[in-house]
There are 2 protein chains.
Amino acid sequence: MTEAAQLDESTASEARLQYLHEVLESGRMRRLKPLLHSLHPAETALLLEGVPRTKRMLVWGLVPDDDHGEVLLHVNDEVRSQLIEGLDDDVLLAAADGLEMDDLADLLEDLPETVTQQVLRSMDQQNRERLESVLSYPADSAGGLMNTDTVTVRPDVSLDVVARYLRQRAQLPDQTDTLFVVSRYGRYLGMLSLARLVTLDPERDVSEVMDTSVEGLLVDMPASQVAKRFQDLDLISAPVVDDNERLVGRITIDDVVDVIRDEAEHSIMSMAGLDEEEDVFAPIARSARRRAVWLGINLFTAFLAAQVVGLFEATLSEVVALAVLMPIVASMGGIGGSQTLTIMIRGLAMGQIAFSNARTLFFKELAVAMINGVTWGLVVGVVAYIWFGNITLGVVIGTALIFNQIGAAVAGVGLPLLMRKMGIDPALAGTVVLTTITDIVGFGLFLGMGTLLLL
Amino acid sequence: MTEAAQLDESTASEARLQYLHEVLESGRMRRLKPLLHSLHPAETALLLEGVPRTKRMLVWGLVPDDDHGEVLLHVNDEVRSQLIEGLDDDVLLAAADGLEMDDLADLLEDLPETVTQQVLRSMDQQNRERLESVLSYPADSAGGLMNTDTVTVRPDVSLDVVARYLRQRAQLPDQTDTLFVVSRYGRYLGMLSLARLVTLDPERDVSEVMDTSVEGLLVDMPASQVAKRFQDLDLISAPVVDDNERLVGRITIDDVVDVIRDEAEHSIMSMAGLDEEEDVFAPIARSARRRAVWLGINLFTAFLAAQVVGLFEATLSEVVALAVLMPIVASMGGIGGSQTLTIMIRGLAMGQIAFSNARTLFFKELAVAMINGVTWGLVVGVVAYIWFGNITLGVVIGTALIFNQIGAAVAGVGLPLLMRKMGIDPALAGTVVLTTITDIVGFGLFLGMGTLLLL
């Protein structure tokens with residue numbers, strides 16, 4: 001994507017935010033009504049996330065009632081909690097009304113127990129059972145993503161019969177592009193797309209024309225794997241089956257798009273030790289507490305690096321130039337290592353890289369590190385020589401830089417593999433651990449060689 | 001998403017990679033054939049990306065001919081170039097055959113001129129014109145994403161007539177869930193979903209039942225905005241129109257999913273100065289050259305930080321403990337700043353944050369930085385005091401840490417806004433510039449105060 005396109009992307013939402021904040025400052029809130037009525041719930045949700053916490057309920061008050069449910073679904077977890085806390089039970093009950101089953105299940109988890117009970121009581125037997133079935137699966141599994149509103153047909157009827165049946169129903173659930181073919185016992189047999197239904201000879205039987213190429217997704221398949229399947233097969237909707245191959249629901253691509261986006265966000269945020277569900281305007285104390293943990297871990301590792309430097313106090317007091325050049329060693333090692341680390345984290349997540357081909361990648365990264373280590377080691381060495389007029393100092397920092405690049409490549413490849421083996425998400429703590437390693441190796445080499453050659 | 005789910009995700013592809021590499025080492029390539037025949041093109045593409053460069057053509061030789069086109073589309077730009085270079089014109093020509101128009105347009109851009117000419121010559125007039133129309137728009141615009149295989153109907157006919165027309169056609173393009181209603185002059189008027197067509201009374205006219213709520217996407221709308229529209233409206237397909245509101249094509253959600261994934265990858269990779277289209281196994285010289293640029297820029301900024309340290313040589317040679325503690329100041333500033341920076345980069349990209357609400361965010365980040373600065377400043381101060389037995393040293397590093405956190409917050413909010421105003425992608429160079437600022441501020445404060453209080 002070009003940069004221009006990226007910048008363009010948020011122009012509309014930026015203009016909306018701008019307008020919103022002007023109105024918020026003027027205090028003439030009613031002016032927002034037309035705007036909020038013209039937005040789609042997802043856009044309203046984004047806008048609410050961009051409103052400072054103290055003014056959020058004010059803006060919510062102007063959101064059309066019909067959008068309540070969808071907006072609550074689209075805002076991130078923290079903003080949702082804030083809104084739910086501020087709302088009366090009957091408003092929440094009305095918001096829950098009319099949501100699709102999978103969405104309702106997501107929302108119910110966050111609603112107060114009293115409201116959940118009322119929602120369940122207000123439903124008929126069939127819908128309650130459906131909802132309970134969705135609720136019984138983790139939100140990040142096929143069962144949690146699915147809707148139970150499948151339209152099913154039998155294999156032994158003609159397309160004409162199917163057509164008449166649909167006309168009787170008079171309407172289909174949203175996002176229905178295909179019907180599901182099931183046996184008398186509810187076993188999933190295949191799909192019959194509406195596109196086939198309307199183009200093929202009405203005399204033909206369903207069993208002749210159904211598409212059996214898409215297997216049912218097991219109800220406990222992880223959401224990320226569901227997303228991969230949809231992408232690989234370019235699916236719009238897919239059947240969900242239980243252990244006995246009985247059709248229990250369907251997943252549509254709009255739910256999968258959310259999974260794909262959330263995964264990407266998760267990587268970006270974890271690499272900085274943040275949570276993707278965090279409210280940008282979270283209360284200061286809460287934000288501070290959360291980030292304090294990350295800073296604390298980092299502080300601990302920084303002390304380790306300082307300990308290494310501390311071993312060379314005598315050298316540093318003699319050759320102060322070493323202290324001056326220390327930041328360069330640390331910085332170059334960190335950057336080199338984090339490039340390798342990023343390639344590994346992405347490759348592992350996408351399935352391009354696994355233990356089996358990591359060795360080839362390792363040698364490649366090693367070679368790249370050597371070439372760049374030598375290149376920039378030479379540059380740094382010459383600059384240090386000119387700066388401090390000491391050729392040995394130039395040799396020391398140049399050599400340290402070369403070996404630190406190599407160490408960074410080794411750690412960049414090895415660390416994520418190790419973390420994966422231990423069951424830790426490499427994106428989460430990778431950077432902090434990696435820079436600790438490059439700092440310790442870099443300082444140790446640089447000051448160690450300095451002690452040997454310069455004292 | 002839970003970590004377990006993330007780890008699970010690539011188990012299948014990991015097992016495949018494992019098997020592939022065992023076979024590659026055994027040299028009995030023919031064993032791969034069943035595997036490659038069972039995979040979908042997107043999975044094969046991923047596998048090829050995970051094969052070392054030297055063995056890639058070998059594996060390609062076993063990919064079923066029918067998958068050639070789709071696999072070429074799914075691999076990243078660099079792997080595609082490698083494959084195309086290694087293939088004969090007639091293989092490429094066969095691969096291009098049977099692709100959808102938008103996909104063909106993407107592929108043609110990378111094919112040698114001779115092949116492109118042959119592809120164009122082999123098409124009939126209508127298809128050639130369609131292809132040329134897709135080719136005339138940038139790949140990252142609605143026009144570049146669209147397919148021209150729309151199925152159109154007139155508003156003044158009955159649903160029954162439409163049904164008969166479809167039955168005559170006998171088949172619909174892939175991913176057709178809706179028909180487009182156009183005027184006699186080709187103006188886009190609305191959509192008629194197959195779901196409506198099959199459920200409503202056949203006597204009714206198209207104009208009565210068509211859905212006019214989805215506006216046509218302008219042909220030059222940026223891809224990222226198209227993706228946003230699809231997500232906001234939960235669309236499966238959408239019409240693309242020219243300046244005169246004439247229908248020129250349609251975009252389906254499978255193309256949009258690719259855009260969403262590419263955007264997320266782009267952010268992750270740019271933050272480490274990498275390109276998302278890079279081959280993991282790119283030739284060493286090429287990788288080294290690319291990354292050298294990033295390391296070079298970082299080296300320059302690291303020298304700036306070293307210059308600042310250099311100003312305090314006299315102090316450092318007297319109070320060597322300052323040199324020992326320097327890494328802590330740099331590290332904590334970098335981490336604090338990069339948390340704020342990540343929130344800003346993500347918020348700007350999503351449209352949560354704009355200039356209008358940045359001020360509120362700024363004060364929040366400032367408050368968080370102060371709280372965490374004081375917390376960890378105290379801890380560091382006490383530890384430094386215990387370590388070196390010098391209370392003034394503890395005060396100096398504690399104070400430096402507090403102000404460096406504040407500086408990091410200011411830079412973390414201000415820098416991305418500034419870069420955006422200048423038209424630079426904040427993800428691209430943000431981290432390097434930010435850590436330069438936190439290093440310079442941190443070292444300057446720490447050593448400056450050290451000079452005043454400890455000499």
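Residues numbered from 1 in each chain as written. Chains lettered and ligands numbered in written order. Predicted model: local features only at pLDDT ≥ 70, side-chain atom pairs only at ≥ 80, totals over all residues. Heavy atoms only, no water.

- As annotated in an unreviewed UniProt entry, chain A carries the name Magnesium transporter MgtE and is attributed to Spectribacter acetivorans.
- Under the heading Sequence similarities (unreviewed entry), UniProt records this for chain A: "Belongs to the SLC41A transporter family."
- Taken verbatim from the UniProt record of chain A, the Subunit (unreviewed entry) comment is "Homodimer." (UniProt positions renumbered as here; feature names shortened; annotations may be inferred.)

### Some words on the nonpolar core
The nonpolar side chains of a soluble globular protein tend to be buried, and buried together.
Part 1 of the argument: Ile251(A) and Ile251(B) are the most contacted members of the largest nonpolar core, which totals 97 residues.
Part 2 of the argument: In this structure Ile251(A) touches Ala142(A), Leu145(A), Met146(A), Leu217(A), Val226(A), Phe230(A), Ile236(A), Ser237(A), Ala238(A), Val240(A) and Val256(A), once residues within four positions along its chain are discounted. (Core = buried A, V, L, I, M, F, W, Y, C linked by side-chain atoms within 4.5 Å. Buried < 20%, exposed > 50% of the residue type's maximum accessible area, 1.4 Å probe, protein only. Contact = heavy atoms within 4.5 Å.)

### What to know about the side chain of Asn372(A)
Part 1 of the argument: Within the secondary structure layout, Asn372(A) lies in helix α21 (residues 355-388).
Part 2 of the argument: Taking relative accessible area as the criterion, Asn372(A) reaches 3% and is therefore assigned buried.
Part 3 of the argument: When near neighbours in sequence (up to four residues on either side) are disregarded, Asn372(A) contacts Gly377(A), Ala288(B), Arg291(B), Ala292(B) and Leu295(B). (Helix = DSSP H or I, 4+ residues; strand = E, 2+ residues; numbered from the N terminus.)

### Points about the relation of the copies chain B and chain A
Part 1 of the argument: Least-squares fitting of chain B to chain A yields an RMSD of 0.1 Å, with the superposition described by an axial translation of 0.0 Å and a rotation of 180°. Each copy turns onto its partner about a two-fold axis. Within chain B, the C-alpha atom positioned nearest to the axis of rotation is that of Ser317(B), 2.3 Å from it.
Part 2 of the argument: A shared interface surface links the copies, since 99% of the contact residues of chain B are contact residues in chain A too. (Least-squares fit on C-alpha atoms with pLDDT ≥ 70 in both.)

### Regarding the environment of Leu378(A)
Part 1 of the argument: With respect to the helices, strands and loops of the structure, Leu378(A) is situated in helix α21.
Part 2 of the argument: For the pair Leu378(A) and Ala367(A), spaced eleven residues apart in sequence, the C-alpha separation works out to 17 Å.

### Some points on the interface of chain B and chain A
Part 1 of the argument: At the junction of the two partners, chain B supplies 138 residues and chain A supplies 137 residues.
Part 2 of the argument: Buried surface at the junction of chain B and chain A, both sides included, amounts to about 13100 Å², of which 65% is carbon and sulfur.
Part 3 of the argument: Along the contact surface separating chain B from chain A lie four salt bridges.
Part 4 of the argument: The partner of Arg359(B) in a salt bridge is Glu25(A), and the shortest N-O contact between them spans 3.8 Å.
Part 5 of the argument: Viewed at the interface, chain A and chain B are joined by 28 residue pairs in polar contact (both at pLDDT 80 or more).
Part 6 of the argument: The biggest single contributor to the side of chain B that touches chain A is helix α20 (residues 320-350) of chain B, with 19 residues.
Part 7 of the argument: Broken down by class, the residue content of the side of chain B that touches chain A amounts to 72 nonpolar, 39 polar and 27 charged. (Buried area = accessible area lost by both parts, 1.4 Å probe. Salt bridge = Lys/Arg side-chain N within 4 Å of Asp/Glu carboxyl O. Polar contact = N/O pair within 3.5 Å; in protein donor to acceptor, adjacent residues only side chain to side chain. Nonpolar A, V, L, I, M, F, W, Y, C, P; charged D, E, K, R; others polar.)

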